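Observations on the model geometry
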Amino acid sequence: MTRTAFVNARLLDPASGLDAPGAVLVEKGRISDFGPRLFHDGIPAGAAVVDCNGRALAPGLIDMRVFTGEPGSEHRETLESASRAAAAGGVTTMVVMPNTDPVIDEPSLVDFIHRRAAATARVRVVPMAALTHRLAGETMTEIGLLMEAGAVAFTDGDRTIMNARVMRRALAYASNFGALIVGHAEDSELSRDTAMNEGEFATRLGIPAAPAIAETLIVERDIRLVELTGARYHFGQISTRGALDAITAAKSRGLPISCGVAAHHLALNELDVGAYLTFRKVKPPLRAEADRMAMVEGVASGEIDVIVSSHDPQAADTKRQTFAQAAFGAVGLETLLPAALQLYHNGQAGLLDVFERLTIAPARILGLESGRLACGAPADLVLLDPDEPFRVSAEQLHSRARNTPFEGRTFEGRVHRTYVNGRCVFDRASPRPFDV
Amino acid sequence: MRGIDGPILKSSHLLGTDSLSVSEITDLLDLADGYVALNCAGERKRSLLTGRTLINLFFEPSTRTQSSFELAGKRLGADVLNMSVRTSSISKGETLLDTAATLNAMRPDILVLRHQDAGAAALLSQKVDCSVVNAGDGAHEHPTQALLDALTIRRRRTNFEGLIVTICGDILHSRVARSNIILLSKLGARVRLCAPRTLLPAEAERFGVEIYTDMVEALADADIVMMLRLQLERMAGAFVPSTREYFRFYGLDRDKLAYAKPGALVMHPGPMNRGIEIDSAVADDIEVSVIQEQVEMGVATRMAVLDALARSLPREGRYRP
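Below is a summary of the structure that appears in this document.

Conventions adopted
- Residues numbered from 1 in each chain as written.
- Chains lettered and ligands numbered in written order.
- Predicted model: local features only at pLDDT ≥ 70, side-chain atom pairs only at ≥ 80, totals over all residues.
- Heavy atoms only, no water.
- Helix = DSSP H or I, 4+ residues; strand = E, 2+ residues; numbered from the N terminus.
- Rg over C-alpha atoms; globule rule 2.2 N^0.38 Å.
- Buried < 20%, exposed > 50% of the residue type's maximum accessible area, 1.4 Å probe, protein only.
- Contact = heavy atoms within 4.5 Å.
- Areas by Shrake-Rupley, 256 points an atom, 1.4 Å probe, with all protein chains shown as cover.
- Lys, Arg positive; Asp, Glu negative; His and termini not counted.
- Charge placed at Lys NZ, Arg CZ, Asp CG, Glu CD.
- Axes fitted to C-alpha atoms, helices over the stretch in contact; angles between N-to-C directions.
- Parallel < 35°, antiparallel > 145°, perpendicular 65-115°, else oblique.
- Left-handed = near helix turned anticlockwise from the far one by under 90°.
- Nonpolar A, V, L, I, M, F, W, Y, C, P; charged D, E, K, R; others polar.
- Pairing = 2+ DSSP bridges.
- Phe/Tyr/Trp six-rings, centres within 6.5 Å; stacked < 30°, edge-to-face > 60°.
- Lys NZ or Arg CZ within 6 Å of the ring centre and 35° of its normal.

**Things to note about the overall build of chain B**
Looking only at helices and strands, one finds 11 helices and 9 strands in chain B. For 321 residues, the compact-globule estimate of 2.2 N^0.38 gives 20 Å, and the C-alpha radius of gyration of chain B, at 20 Å, lies within 12% of that figure. Principal-axis analysis of the C-alpha atoms places the extent of chain B at approximately 65 × 45 × 35 Å. Within chain B, the proportion of its 321 residues that are buried is 58%. Long-range pairs, those at least 24 residues apart, make up 75% of the contacts in chain B between residues at least 6 apart in sequence. Here chain B has roughly 13,300 Å² of accessible surface; of this, 49% comes from carbon and sulfur atoms. If you average the places of the 38 positive and of the 40 negative side-chain charges in chain B, the two averages end up 3 Å apart.

Below is the structure:
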């Protein structure tokens, strides 16, 4: 089937500000036409018709922060299992982190990710490469060659490069190629051996805790280094008001800086750790309510550019531990959209604004052609009901690991179908597996 | 004394002081008072826990807490098994919950847990069928210590209301401090904390306590001076520059004690670092120091806790074949 007509849809396209009833025509995996008046004079002959029944049709989500276990920890998650979760969550592009074993720090390993993804994954997989060899924070990787191999950005994932000299040189060198650097802002000395956010609640629980400024310090340092080197820089995820204020000020000075926030930092605060709930042990930790509110406001205003899942699958045995010993991380591909849509349902952000942070904003930062409804753009689409409520159940998740921080929580916003290159990769109505 | 034979605790576990009501605390202290008298008498062995199994599971070395639970269990007639981390398979990579499952299969009635991580006792209590007693979890809680401290105070001072209790030392890492803050505040005492800034936890004032960094100010008019142990690995530059500097500013000696209320009591959960947080001249002065009495109250208090928990144990075996 080379032509598909999506009819009777509510089109949502943050790139053009479109929120109106309409239709989309897909040819050879790409959007060939779309709009409110499309097909007013009839559907083209020979086209397959998908009746959207008035549901919303939006560009597929681009998740800029996904950890998988492939290669090296396939028991936690493979590219294939993560991509099933992504498809079920309306995510059509997963940007995967290099924190694997081996670390994605050389061109042949970038190629490995591309080939494994092509062979097994249902959605697009875009790899980031390590910024330093083996994520050791000491020597920079072959940024130029890695870019040629298809690395979309450079990051040490959830590790902070603590050595300012190394960071300065990596940023300066990366700027030769216009390469995008994605940083993690958590001072590893201030946060050493800690498990949550410092404050009254951690004091009451007796859990070793790191202050919120562990994030701000690195954000402020890296802003200065960007100023010095001119590198393009994206903070993978921030979680504090201090970090947001510093980034907002840096942007207003015209620095090439952007930032993301994890959906769980929009939906949860430190009190949700409750009675030592290890599924809510994440990195950076869940913060104070004032910080959570700052993140919500940052998304609404656009100072926070993107919302990510920070999907980090962990096996049950590493989570069924005391809070101090349990692994960090939460799965999130399947709850990214509904958790983000809470901002819309709570009246804190517009529907198109929420979608903007999940589609066109990451596409622009990464230089991807998807993330929009546009003629010639890849037909990566999600069909959803933004108002449909459902209860999160770990048992029903598609990812291999089930460590969701949202177990039992009711969200609104349900994905019904997901398309990549015009092919349906997820259909809630037909649970049978699709061949890839 | 309400709880001569009836139930005392709502919960089948003792995980912390936070969840205890004032009446539960008072009943436990009353019960413990009875055991103090009994322990002084010639015939100490009782049959309350005959046929019951108590397991002491200690992931951290402990002398007085472990032996006092052991003695308490034996005096009540229980079979007591001591498991310490050195002899278990924890060091071979088995997790706390693996150990819990193994011990659970041995069908104990009461598990006493000491663990280096906060929340360990709560986690264990979710995974086993028996009663769990928290004998110290990380920097979180040590409820039986707070109970025995309260008992020690109550036997010397009739009323907690308005009593000024100054807790001094490594508050940051101390479960004893947290449990005492919560429990003594519930009983009506005014709690003060005194430590260098590096050893005070964030937002400690939210416990409703007064914070001091100057020991003389903290001791002014204090009725009770509770000193905490400074862990050796936390000295020498990490949290305080040296033991001698610590002793100079935060060690309890006669000069500093003179600022407290005349007749103030000195307490310490043990083991003491003499010459670091407390001067021997104070620690060994039976006119002011009740440190040995705390140990005696420890056995009676733990008997009371085991007694109270045993009342909620099913008479028949809880385990189905």
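**Regarding the overall build of chain A**
A count of helical and extended segments in chain A gives 13 helices and 19 strands. Here chain A has a C-alpha radius of gyration of 21 Å; the compact-globule value for 436 residues is 22 Å, and the two agree. In terms of its C-alpha atoms, chain A occupies a principal-axis envelope of roughly 65 × 50 × 40 Å. Looking at the 436 residues of chain A, the share that counts as buried comes to 62%. Within chain A, contacts between residues at least 6 apart in sequence are counted, and of these 73% link residues at least 24 apart.

**Brief notes about the packing of helix α4 (residues 164–177) of chain A against helix α6 (residues 213–229) of chain A**
Helices that pack against each other are described as a pair by the angle of their axes relative to one another and the distance between those axes. Residue and element names in this part refer to chain A. Between α4 and α6, whose axes approach to 9 Å, the crossing angle comes to 40 degrees. One element, α4, and the other, α6, form an angle in the oblique class. Between α4 and α6 the crossing geometry is right-handed. Residues A164, M167, R168, L171, A172 and S175 of α4 lie in contact with α6, whose contacting residues are R221, D222, L225, V226, L228 and T229. For the contact of α4 with α6, a count of residues per class yields 7 nonpolar, 2 polar and 3 charged.

**Some thoughts on the sheet that holds strand β7 (residues 210–212) of chain B**
Residue and element names in this part refer to chain B. The 5 strands are arranged β7-β6-β5-β8-β9 in an open sheet whose pairing can be described as parallel. Every interior strand has two partners, whereas the edge strands, β7 and β9 (265–267), have only one. On average, each strand axis in the sheet is tilted by 20 degrees relative to the strand beside it, whichever way the strands run. One ladder, built from 4 bridges, connects strand β5 (residues 164–168) with strand β8 (residues 224–227); its direction is parallel. The residue of β8 that forms the bridge with C168 is M227.

**Observations concerning the sheet that holds strand β10 (residues 154–155) of chain A**
Residues and elements named next belong to chain A. Reading across the sheet, the 6 strands line up as β9-β10-β11-β14-β15-β16 and stay open at both edges, with parallel pairing between neighbours. One side of each edge strand has no neighbouring strand; the edge strands of this open sheet are β9 (129–130) and β16 (306–308). Pairing of β10 with strand β11 (residues 180–183), which is carried by 2 bridges, proceeds in the parallel orientation. Directly across from T155, in β11, lies its bridge partner V182. Lying over the sheet, helix α7 (residues 241–252) contacts β14 (232–235) and β15 (257–262), oriented at roughly 155 degrees with respect to β15.

**Description of the environment of A:V7**
Residue and element names in this part refer to chain A. Topologically, V7 is positioned in strand β1 (residues 3–13). Relative accessible area serves as the criterion here: at 15%, V7 is assigned to the buried category. Setting aside chain neighbours within four positions, we find V7 in contact with G22, A23, F39, I43, V49, V50, D51, C52 and N53.

**Quick word on the packing of aromatic side chains**
Scanning all chains against the criterion turns up 5 aromatic pairs over all chains. When the centroid spacing of 5.1 Å and the interplanar angle of 80 degrees are considered together, the rings of A:F406 and A:F411 count as edge-to-face. Both residues of the pair, A:F406 and A:F411, count as buried. If you follow A:K281 out to its NZ or CZ, it ends over the ring of A:F328, 4.5 Å from the centre. We note B:R248 situated over the ring of B:F249; from NZ or CZ to the ring centre the distance is 4.7 Å.

Remember, this is a structural readout, not a statement about activity or role.
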